[in-house]
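Single-letter residue listing:
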Amino acid sequence: MPAHFSEWRLRPAGDGDFEAMWQLDQICFSEEIRYSREELRDVLDMAGCRSWVLEVFSAAGRLPGEIAGYVTARAGKRCGHLMTLDVAPDWRRQGAGGVLLRRAEDYAAGRGLRKMLLEVGVDNHPARAFYQRAGYRELRLLSDYYAPGVHGMLMEKMLENSFPAIVQEQPAR
Ligand SMILES: CC(C)(COP(=O)(O)OP(=O)(O)OC[C@H]1O[C@@H](n2cnc3c(N)ncnc32)[C@H](O)[C@@H]1OP(=O)(O)O)[C@@H](O)C(=O)NCCC(=O)NCCS
């Protein structure tokens, strides 16, 4: 966590967050995987999609445009789908990813869905470890999912035993 930030707060994303979300996506993913502005806009506008941001605060108050991370999830007819989950490098390994993931899972569970699906880059070992720790299991390799030669891994979690979100008010230190 950067020294001048002291806290995050989870809230639904609004139109004013789009640029920060897109910029974060550019930092988090390689060229083959990251979204163009148009692609991200299309994802956010999909039916059943909801997004949340972790807004960051300093002792002086809210820092406009600063987010520690965001998540976008879609409630489909049969399952929830994690569309994207990004945590800024300075904020990793402090629980932010877990807070965002739980919010997405609660959204799907709240819509009566019992299963969450996601795709992750097969070479993205940190994210695969993160999802496994959160209870996801690897279903199958998705050949050329992102681009020729850039494979994905399909992962799944059953939500029936999920608990309501515990919103972590402070980053773990
Ligand atoms: C994957 C990602 C979302 C994790 O976010 P995070 O805020 O660091 O995750 P958390 O702090 O909640 O981690 C929870 C647990 O997941 C596991 N984990 C997280 N990052 C890990 C890593 N780099 N290596 C191994 N395990 C990891 C650990 O078990 C961790 O618990 P611990 O810190 O007590 O050991 C973040 O690294 C990220 O945004 N990466 C770039 C974008 C991305 O790959 N998104 C997901 C693909 S769709």
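Rules behind the numbers
Residues numbered from 1 in each chain as written. Predicted model: local features only at pLDDT ≥ 70, side-chain atom pairs only at ≥ 80, totals over all residues. Helix = DSSP H or I, 4+ residues; strand = E, 2+ residues; numbered from the N terminus. Buried ≥ 20, exposed ≤ 12 C-beta atoms within 10 Å, placed from the backbone. Contact = placed C-beta atoms within 7 Å. Near = placed C-beta within 6 Å. Nonpolar A, V, L, I, M, F, W, Y, C, P; charged D, E, K, R; others polar. Core = buried A, V, L, I, M, F, W, Y, C linked by C-beta atoms within 7 Å. pLDDT = per-residue confidence, 0-100. Arc of directions from axis to C-beta.

Visitor: Describe the overall build of the protein, listing the residues and the values that go with them.
Guide: In terms of helices and strands, the protein carries four helices and seven strands. Along the protein, from the amino end to the carboxyl end, the secondary structure elements read β-α-α-β-β-β-α-β-α-β-β. Classification of the 173 residues of the protein by burial places 31% in the buried group. Put simply, of all contacts in the protein between residues at least 6 apart along the chain, 63% involve residues at least 24 apart.

Visitor: Now, about the environment of phenylalanine 29: what can you tell me, with residues and values included?
Guide: Summarising the element assignment, phenylalanine 29 is placed in the loop between helix H1 (18–28) and helix H2 (37–44). Sequence separation between phenylalanine 29 and asparagine 124 is 95 residues; the distance between their C-alpha atoms is 9.6 Å.

Visitor: Before we move on, can you summarise the site of the ligand with the specific residues and values?
Guide: Surrounding the ligand, one finds 19 residues, the nearest of these being Arg92, Gly97, Gly98, Pro126 and Ala129. Classifying every residue of the shell around the ligand by side-chain character gives nine nonpolar, six polar and four charged.

Visitor: Could you give an account of the nonpolar core, with specific residues and numbers?
Guide: Grouped together as the largest cluster of nonpolar side chains are 35 residues, with contacts concentrated most on Leu54, Ala68, Tyr70, Val71, Ala96, Leu100 and Ala104. For this core, the elements supplying multiple residues, two or more each, are strand E1 (7–12), H1, strand E2 (49–58), strand E3 (61–75), strand E4 (80–87), helix H3 (96–110), strand E5 (115–121) and strand E7 (150–158). No other element matches H3, which puts eight residues into this core. Non-local contacts of alanine 68, meaning those with residues more than four positions away in its chain, are made with Trp8, Leu54, Val56, Val87, Ala88, Trp91 and Ala96.

Visitor: Could you give an account of unusual backbone geometry, with specific residues and numbers?
Guide: Even without being glycine, arginine 93 reaches a positive phi, approximately 60 degrees. Position of arginine 93 among the secondary structure elements: in the loop between E4 and H3. The backbone of aspartate 144 sits at a positive phi, close to 55 degrees, despite the residue not being glycine. Structurally, aspartate 144 can be placed in strand E6 (residues 137–147).

Visitor: How would you summarise the confidence of the model for the protein if you had to cite specific residues and measurements?
Guide: On average, residues of the protein score 89 in pLDDT, and 85% of them are at 70 or above. No element of the protein has a lower mean pLDDT than E3, which averages 84, and none a higher one than helix H4 (residues 125–133), which averages 98.

Visitor: Can you explain H1? Please cite residues and give values.
Guide: Taken together, the buried positions of H1 are occupied by Met21, Leu24 and Asp25. The arc that holds the buried residues of H1, viewed along the axis, is 105 degrees, so those residues lie on one side. What points out from H1, more than 90 degrees from its buried face, is the exposed set Glu19 and Ile27.

Visitor: Report on the environment of aspartate 86, specifying residues and quantitative values.
Guide: Note on placement: aspartate 86 falls in strand E4. Distance in space between the C-alpha atoms of aspartate 86 and alanine 68 is 8.4 Å, their sequence separation being 18 residues. The residues contacting aspartate 86, other than those within four sequence positions of it, are Leu24, Asp25, Cys28, Gly69 and Tyr70.

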